[in-house]
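Coordinates in review
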Amino acid sequence: MEYFYWSLIIVLFIGSFVGLIFPIIPSVLFIGAGFVLYGFFFTFEGLGLWFWVFQVLLIILLFVADYVGNLIGVKKFGGSKAAGWGSTIGLLVGPFIIPFAGILLGPFIGAILAELLIERKGFTQAVKVGAGSVIGFLSSTLAKFIIQVIMLVYFFIVVL
């Protein structure tokens, strides 16, 4: 049964990394569920207060990285708040409308449309902001990947 339990936990951890590519998958919940399943299947004894405090701080950092990365990418390239919202909406909707490429094209198109239709900026500037939103998304994805790796490394250091 131990192999089965570990398999479930590992699948949840892998799912958390899939959530980096498909933002509709709640990466944080998958990692948290893996920790909790470990506790139920094996023991919560090694997962003390400091373990949970550290993990919660990293979870908060995941949310901050997601929001700030996109916002900085849009702002750095001269985008407006509307472009930030357009990029975020595109990030969530894009993968459903354009499978595979939608994860990058969604924020790009969302930022461009917001700049063109709401802010009435020129096409060249709108495309520049769209590129900034993609760069921001990729930067935040890299940051979240690193944070998730730290969370899992710390988990395995504690339990093994």
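My aim in this report is to walk through the structure given alongside it, one point at a time. The shown structure was predicted, so the numbers you read here are calculated from the model rather than taken from an experiment.

**Some details on the overall build of the protein chain**
The helix and strand tally for the protein chain stands at 6 helices and 0 strands. The secondary structure elements of the protein chain, listed N-terminal to C-terminal, are α-α-α-α-α-α. Taken along the three principal axes of its C-alpha coordinates, the protein chain extends 60 × 30 × 20 Å. In the protein chain, once contacts between residues fewer than 6 apart in sequence are set aside, the share between residues at least 24 apart is 66%. Total accessible area on the protein chain is roughly 9,000 Å²; 80% of this is exposed by carbon and sulfur atoms. Counting 7 positive and 5 negative side-chain charges, the protein chain places the centres of these two groups 21 Å from one another.

**Thoughts on helix 5 (residues 102-118)**
Three- or four-residue spacings in an α-helix give side chains the same orientation, since the helix completes a turn every 3.6 residues. All of the buried residues in helix 5 are Gly102, Ile103, Gly106, Pro107, Gly110, Ala111, Ile112, Ala114 and Glu115. Just past helix 5, the residue Arg120 takes up positive phi, approximately 60 degrees.

**What to know about the pattern of salt bridges**
Pairing between side chains becomes possible if they bear opposite charge and their charged atoms approach one another. In the structure shown here, the tally under the stated rule is 1 salt bridge. Linking Lys121 and Glu115 is a salt bridge whose minimum nitrogen-to-oxygen distance equals 3.1 Å. On the accessibility criterion, Lys121 (28% relative accessible area) is partly exposed. For Glu115, a relative accessible area of 0% corresponds to the buried category.

**What about the nonpolar core?**
Across soluble globular proteins, you tend to see nonpolar side chains buried next to one another. Of all hydrophobic cores here, the largest spans 17 residues; its most connected members are Phe35, Tyr38, Met151 and Phe155. Those elements that provide at least two residues to this core are helix 1 (2-21), helix 2 (27-41), helix 3 (49-76) and helix 6 (123-159).

**Focus: the packing of helix 2 against helix 6**
Taken N-terminus to C-terminus, the directions of helix 2 and helix 6 make an angle of 5 degrees; their axes are 12 Å apart at the nearest point. Viewed along their axes, helix 2 and helix 6 adopt a mutual orientation that is roughly parallel. When helix 2 is examined against helix 6, the residues Ser27, Ile31, Phe35 and Tyr38 are found in contact with a partner set consisting of Gln148, Met151, Leu152, Phe155 and Val159. Classifying every residue of the contact of helix 2 with helix 6 by side-chain character gives 7 nonpolar, 2 polar and no charged.

**Observations regarding helix 3**
Across its 28 residues, helix 3 extends 39 Å between first and last C-alpha, which sits within 8% of the 40 Å expected from 1.5 Å per residue. When we look at burial in helix 3, the residues that qualify are Phe51, Gln55, Leu58, Leu62, Ala65, Gly69, Asn70, Gly73 and Val74. Tucked inside the fold, the buried residues of helix 3 contact helix 2, helix 4 (81-97) and helix 6. Gly78 sits one or two positions beyond helix 3 and adopts a positive phi of about 85 degrees.

**Looking at the packing of aromatic side chains**
Within this structure, the stated rule accounts for 21 aromatic pairs. Look at Phe13 and Phe155: their rings are 5.4 Å apart centre to centre, the planes differ by 75 degrees, and that puts the pair in the edge-to-face class. Of the two residues, Phe13 is situated in helix 1 and Phe155 in helix 6; the sequence distance between them amounts to 142 residues. Judged by its relative accessible area of 4%, Phe13 falls in the buried class. Residue Phe155 is classed as buried on the basis of its relative accessible area of 0%.

**A look at the side chain of Ser140**
Among the structural elements, Ser140 can be located in helix 6. A relative accessible area of 2% means that Ser140 is categorised as buried. Contacts of Ser140, omitting those with residues within four sequence positions, involve Ala65, Asp66 and Gly69.

Conventions adopted
Residues numbered from 1 in each chain as written. Predicted model: local features only at pLDDT ≥ 70, side-chain atom pairs only at ≥ 80, totals over all residues. Heavy atoms only, no water. Helix = DSSP H or I, 4+ residues; strand = E, 2+ residues; numbered from the N terminus. Contact = heavy atoms within 4.5 Å. Areas by Shrake-Rupley, 256 points an atom, 1.4 Å probe, with all protein chains shown as cover. Lys, Arg positive; Asp, Glu negative; His and termini not counted. Charge placed at Lys NZ, Arg CZ, Asp CG, Glu CD. Buried < 20%, exposed > 50% of the residue type's maximum accessible area, 1.4 Å probe, protein only. Salt bridge = Lys/Arg side-chain N within 4 Å of Asp/Glu carboxyl O. Core = buried A, V, L, I, M, F, W, Y, C linked by side-chain atoms within 4.5 Å. Axes fitted to C-alpha atoms, helices over the stretch in contact; angles between N-to-C directions. Parallel < 35°, antiparallel > 145°, perpendicular 65-115°, else oblique. Nonpolar A, V, L, I, M, F, W, Y, C, P; charged D, E, K, R; others polar. Expected span 1.5 Å × (residues − 1). Phe/Tyr/Trp six-rings, centres within 6.5 Å; stacked < 30°, edge-to-face > 60°.

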